[in-house]
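Geometric and topological summary
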2 protein chains.
Amino acid sequence: MKKNNIEIPSCTNCENSAGILCSLNIKEKTELSCGKLDGIFKKGEIIFKEGNNAYNLFCIHKGKVKLSKLGKDGKEQIVRFAKSGDILGYRSLLSNEPYHGTATAMVECEICIISKEVFQKVNEDNYKLSLNLIQLLSKDLKSAEQHLIDVAQKTVKERIAEALILLVNSFGYLEDKITLNVNLTRSEIADLAGTSTETTIRTLSQLSSDNVIKLEGKNILITNFKKLVQSSNTYD
Amino acid sequence: MKKNNIEIPSCTNCENSAGILCSLNIKEKTELSCGKLDGIFKKGEIIFKEGNNAYNLFCIHKGKVKLSKLGKDGKEQIVRFAKSGDILGYRSLLSNEPYHGTATAMVECEICIISKEVFQKVNEDNYKLSLNLIQLLSKDLKSAEQHLIDVAQKTVKERIAEALILLVNSFGYLEDKITLNVNLTRSEIADLAGTSTETTIRTLSQLSSDNVIKLEGKNILITNFKKLVQSSNTYD
DNA sequence: AAAATTATATGATTTAAATCAATTAATTAA
DNA sequence: TTAATTAATTGATTTAAATCATATAATTTT
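Calculation rules
- Residues numbered from 1 in each chain as written.
- Chains lettered and ligands numbered in written order.
- Predicted model: local features only at pLDDT ≥ 70, side-chain atom pairs only at ≥ 80, totals over all residues.
- Heavy atoms only, no water.
- Helix = DSSP H or I, 4+ residues; strand = E, 2+ residues; numbered from the N terminus.
- Rg over C-alpha atoms; globule rule 2.2 N^0.38 Å.
- Buried < 20%, exposed > 50% of the residue type's maximum accessible area, 1.4 Å probe, protein only.
- Contact = heavy atoms within 4.5 Å.
- Areas by Shrake-Rupley, 256 points an atom, 1.4 Å probe, with all protein chains shown as cover.
- Lys, Arg positive; Asp, Glu negative; His and termini not counted.
- Charge placed at Lys NZ, Arg CZ, Asp CG, Glu CD.
- Least-squares fit on C-alpha atoms with pLDDT ≥ 70 in both.
- Axes fitted to C-alpha atoms, helices over the stretch in contact; angles between N-to-C directions.
- Parallel < 35°, antiparallel > 145°, perpendicular 65-115°, else oblique.
- Left-handed = near helix turned anticlockwise from the far one by under 90°.
- Nonpolar A, V, L, I, M, F, W, Y, C, P; charged D, E, K, R; others polar.
- Expected span 1.5 Å × (residues − 1).
- Arc of directions from axis to C-beta.
- Salt bridge = Lys/Arg side-chain N within 4 Å of Asp/Glu carboxyl O.
- Near = heavy atom within 4 Å.
- Polar contact = N/O pair within 3.5 Å; in protein donor to acceptor, adjacent residues only side chain to side chain.
- 1 Å grid on protein atoms, 1.4 Å probe; cavity = no way out; pocket = protein on both sides within 12 Å on 5 of 7 lines; lining within 4 Å.
- Points joined across faces, edges and corners; volume = space filled by probe spheres on them.

On to the overall build of chain A, then. Along chain A, the regular secondary structure elements total 8 helices and 10 strands. Taken over the C-alpha trace, chain A has a radius of gyration of 19 Å; the compact-globule value for 236 residues is 18 Å, and the two agree within 12%. Residue burial in chain A is summarised as follows: out of 236 residues, 53% are buried. Long-range contacts, defined as pairs at least 24 residues apart, comprise 70% of the intrachain contacts of chain A with a sequence gap of at least 6. Surface summary for chain A: the accessible area is close to 10,700 Å², and the carbon and sulfur share equals 50%. Of note, chain A has its 32 positive side-chain charges centred 3 Å away from the centre of its 29 negative side-chain charges.

Written out as structure tokens, the structure is:
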């Protein structure tokens, strides 16, 4: 990580509007910003590591992050993604536990680093924030449970389709409204869908010949979202 | 559900000591108990159903409950268990969402039913409770993520072993310190491990001939816990 | 107590997906 | 700019586990 020339604005002036911290009032934002560090993480750099002691809250100002856990024989399982406005590490801070997963920058990321103490203080004084965190956890738990069922019951094709939908929901499209605004390797898509790289490649080309998606080098274009949802066999 | 002759004591006199509500002070317990209903649910009876609107918090005074979700083609996936002292439904209440899963009584259960309003009020006034809920959610999320990785990466044998360990951790043993204190059908164990009934049966007999467990009718005896952990291929 | 339903058990067969193997393409480093 | 590494692709083979098919045992219901 570089702590350098860049300077991310204080929470009070942060242009992100979606994130959970945005619901705080000016006083609380000021408190939270006080003493925060600004970090730049390069693509591929690890922000925090599964099992390490948790001393900081990370708030993504700009960038894309993948959260993963190690499974059997060191095989990676991607559990979630995070983007601008999302916070990372709060679970560990509030439960006094090591980080549950590893956070890796998927592109160059600008991230605010807030100390445990400051975050705990703000949380303690603010029922609204606690409730928001409960709701956030609740949402994450819901999708983890759904992901579990998907992996347990769905076919690889359905899971790959589902993975693509998750990517659309997490990162959206480029300006053309059709090209996925994120690039994962085939092996990362496999780690997300819980399958092998080879099978992922074959399934993607299958979806491509079904005219559901289009593969252009590293880019994946979602040419028929409706059909993609059908391929994923979900209804909710 | 029967609302009848039985009467569960007020939270202030509840003999359960492990549950999350036990950390409340007398005033809060009194508030929570005020207006609660006592219900008896027979074995197999549904306490609440996935997708239904959430109006109540359920606190298990006595009994065993399974939480499940419906997957593809209505196939059931067991996501968690709950027992005396555990609360159910709080996620939905605090997020204003329908129940995320279906809760089914595995044995006759005595359950306190607390209204959404009362619970919200107590939670709002009590940072400690919010924090406990965050920690509880955090724990559930962690195990859901672990379960996800297990299902995605482990063999059936490892998953069945893991399922048995979860049952031990959730419900413990009978007085003999060896017989699992809960009875699931083979099909339910399959729904927990994310496999088929036939494969579950075969795998259980395999574990039995490996002298890891012993099958006595409906009962499962854990004759070699250490070996069971080894069979599950976990280290944490 | 008999009938009906549900759960358990076992064998045979199929199949989806992993693994193994080798090739080509694309990045990254020297 | 070439060499080295990493990623993507495609084919062949293996395998774990699902499914199908019956049979038997154990509960429930009547």
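That shown, we press on.
Let us look at the relation of the copies chain B and chain A. With an RMSD of 0.0 Å, the operation that places chain B on chain A is a rotation of 180° combined with a shift of 0.0 Å along the axis. Put plainly, the chains are arranged around a two-fold axis. A share of 100% of interface residues in chain B that are also interface residues in chain A marks the association as one of identical surfaces.

Residue and element names in this part refer to chain B. Helix 8 (residues 225-232) packs onto helix 5 (residues 156-171) with a crossing angle of 135° between their chain directions and a minimal axis gap of 7 Å. If you check the angle between helix 5 and helix 8, you find them oblique. Classified by chirality, the crossing of helix 8 by helix 5 is left-handed. For the pair helix 5 and helix 8, the contacting residues are K157, E158, A161, E162, L164, I165 and V168 in the first and F225, L228, V229, S231 and S232 in the second. A class-by-class count of the residues in the contact of helix 5 with helix 8 yields 7 nonpolar, 2 polar and 3 charged.

With that settled, the discussion passes to helix 7 (residues 197-209) of chain A. Residue and element names in this part refer to chain A. With 13 residues, helix 7 extends 18 Å from end C-alpha to end C-alpha; this agrees with the ideal 18 Å at 1.5 Å per step. Looking only at helix 7, the buried set comprises T200, T203, L204 and L207. For helix 7, the arc enclosing every buried residue in end-on projection is 105°, short of the 170-degree limit, so these residues lie on one face. Counted as exposed and oriented over 90 degrees from the buried face of helix 7: R202 and S209.

Residues and elements named next belong to chain A. Under the counting rule described, the total for this entry stands at 28 salt bridges over all chains. Salt-bridge contacts for K154 lead to E162; the nearest nitrogen and oxygen are separated by 2.7 Å. Residues K154 and E162 agree in their burial class; the two are buried. As a salt-bridge pair, K214 and E216 come within 3.6 Å of each other at their nearest N and O atoms. Looking at K214, the relative accessible area reads 43%, which means it is partly exposed. Note on E216: relative accessible area 41%, which makes it partly exposed.

Taken together, 13 residues sit near DNA strand C, with V156, T195 and T199 of chain A together with R186 and R202 of chain B positioned nearest. Those atoms of DNA strand C that come within 4 Å of the protein belong to sugar or phosphate at a rate of 55%. In the environment of DNA strand C, a phosphate oxygen lies 2.9 Å from a nitrogen or oxygen atom belonging to the side chain of T195 of chain A. Contact between DNA strand C and R202 of chain A: a base oxygen at 3.2 Å from a side-chain N or O atom of the residue. Class assignment of the residues belonging to the surface near DNA strand C gives a composition of 2 nonpolar, 5 polar and 6 charged.

Looking now at empty space enclosed by the protein. The rolling of a water-molecule-sized probe over the atoms marks out the regions of remaining empty space. Residues and elements named next belong to chain B. According to the stated counting rule, one finds 1 cavity of 30 Å³ or more in the structure shown. In this structure, the largest cavity occupies an estimated 50 Å³ of space. Along the walls of the largest cavity sit L167, L180, V182, N183, L184, R186, I189, K218 and I220, which together make up its complete lining. A per-class count over the lining of the largest cavity returns 6 nonpolar, 1 polar and 2 charged.

All we've got here are geometric facts, nothing functional implied.
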